[in-house]
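This is what each chain is made of:
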Amino acid sequence: MAAKKPENMAFEAALNELDAIVNELESGDIPLEDALKKFERGIALARSSQQKLTQAEQRVEILLQADDEAPLTDFEPSHDE
C-alpha cells in the first residue's frame, strides 16, 4: 500500500508516522538507502504538520480578535510556506 501524501493526512496520523520514523532512524538498524528515504518522508511529514499548525494558529487568532464589529470573512490559508 502506498503511503498517503503528508498534506492529505490528518495531523495526528502524520505526527504518529513521524514519531515511528524517528524511532527507526534512531535505532540505526536500517540500511543507509532506507534511512535516507525515511528521512525524506519525515521531512515532508514535519513540513506538512508545521503548515497545519500555522493554519490552526491563524484560525485561533481570527476567532480571538477583540473587535466584535469586524466583518466576518472566509479563512484562506496561505500557501507560501
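Residues numbered from 1 in each chain as written. Predicted model: local features only at pLDDT ≥ 70, side-chain atom pairs only at ≥ 80, totals over all residues. Heavy atoms only, no water.

An unreviewed UniProt entry lists the protein chain under the name Exodeoxyribonuclease 7 small subunit, with Photobacterium leiognathi lrivu.4.1 as the source organism. Entered under Subcellular location (unreviewed entry) in the UniProt record, the comment concerning the protein chain runs "Cytoplasm". A UniProt comment under Sequence similarities (unreviewed entry) is attached to the protein chain, and it reads "Belongs to the XseB family." (UniProt positions renumbered as here; feature names shortened; annotations may be inferred.)

1. Description of the side chain of Ser-48
Looking at where Ser-48 falls in the secondary structure, it is placed in helix α2 (residues 32–64). According to the relative accessible area criterion, Ser-48 is buried, its value standing at 8%. Among the polar contacts listed, one links the side chain of Ser-48 to the backbone oxygen of Pro-6, at a separation of 3.1 Å. Not counting chain neighbours up to four residues away, the residues in contact with Ser-48 comprise Pro-6 and Glu-7. (Helix = DSSP H or I, 4+ residues; strand = E, 2+ residues; numbered from the N terminus. Buried < 20%, exposed > 50% of the residue type's maximum accessible area, 1.4 Å probe, protein only. Polar contact = N/O pair within 3.5 Å; in protein donor to acceptor, adjacent residues only side chain to side chain. Contact = heavy atoms within 4.5 Å.)

2. Some details on α2
Spanning 33 residues, α2 covers 47 Å between terminal C-alpha atoms, matching the ideal 48 Å at 1.5 Å per step. Within α2, the full set of buried residues consists of Ala-35, Arg-41, Gly-42, Leu-45, Ser-48, Ser-49 and Thr-54. The inward-facing, buried residues of α2 abut α1 (11–27). (Expected span 1.5 Å × (residues − 1).)

3. Points about the packing of α1 against α2
Packed helices, taken two at a time, are described by the angle between their axes plus the distance between the axes. Viewed as axis vectors pointing N to C, α1 and α2 meet at an angle of 150 degrees, and their least axial separation amounts to 9 Å. As for the relative orientation of α1 and α2, their crossing is left-handed in sense. On α2, the residues that touch Phe-11, Ala-14, Glu-17, Leu-18, Ile-21, Glu-24 and Leu-25 of α1 are Ala-35, Lys-38, Phe-39, Arg-41, Gly-42, Leu-45, Ala-46, Ser-49, Lys-52 and Leu-53. Residue classes in the contact of α1 with α2 are distributed as 10 nonpolar, 2 polar and 5 charged. (Axes fitted to C-alpha atoms, helices over the stretch in contact; angles between N-to-C directions. Left-handed = near helix turned anticlockwise from the far one by under 90°. Nonpolar A, V, L, I, M, F, W, Y, C, P; charged D, E, K, R; others polar.)

4. Brief notes about the nonpolar core
Counting 5 residues, the largest nonpolar core is built from Met-9, Ala-14, Leu-18, Ile-21 and Leu-45. Looking at this core, the element that brings in the most residues is α1, giving 3 residues. With residues near it in sequence (within four places) discarded, Ile-21 still touches Lys-38, Arg-41, Gly-42 and Leu-45. (Core = buried A, V, L, I, M, F, W, Y, C linked by side-chain atoms within 4.5 Å.)

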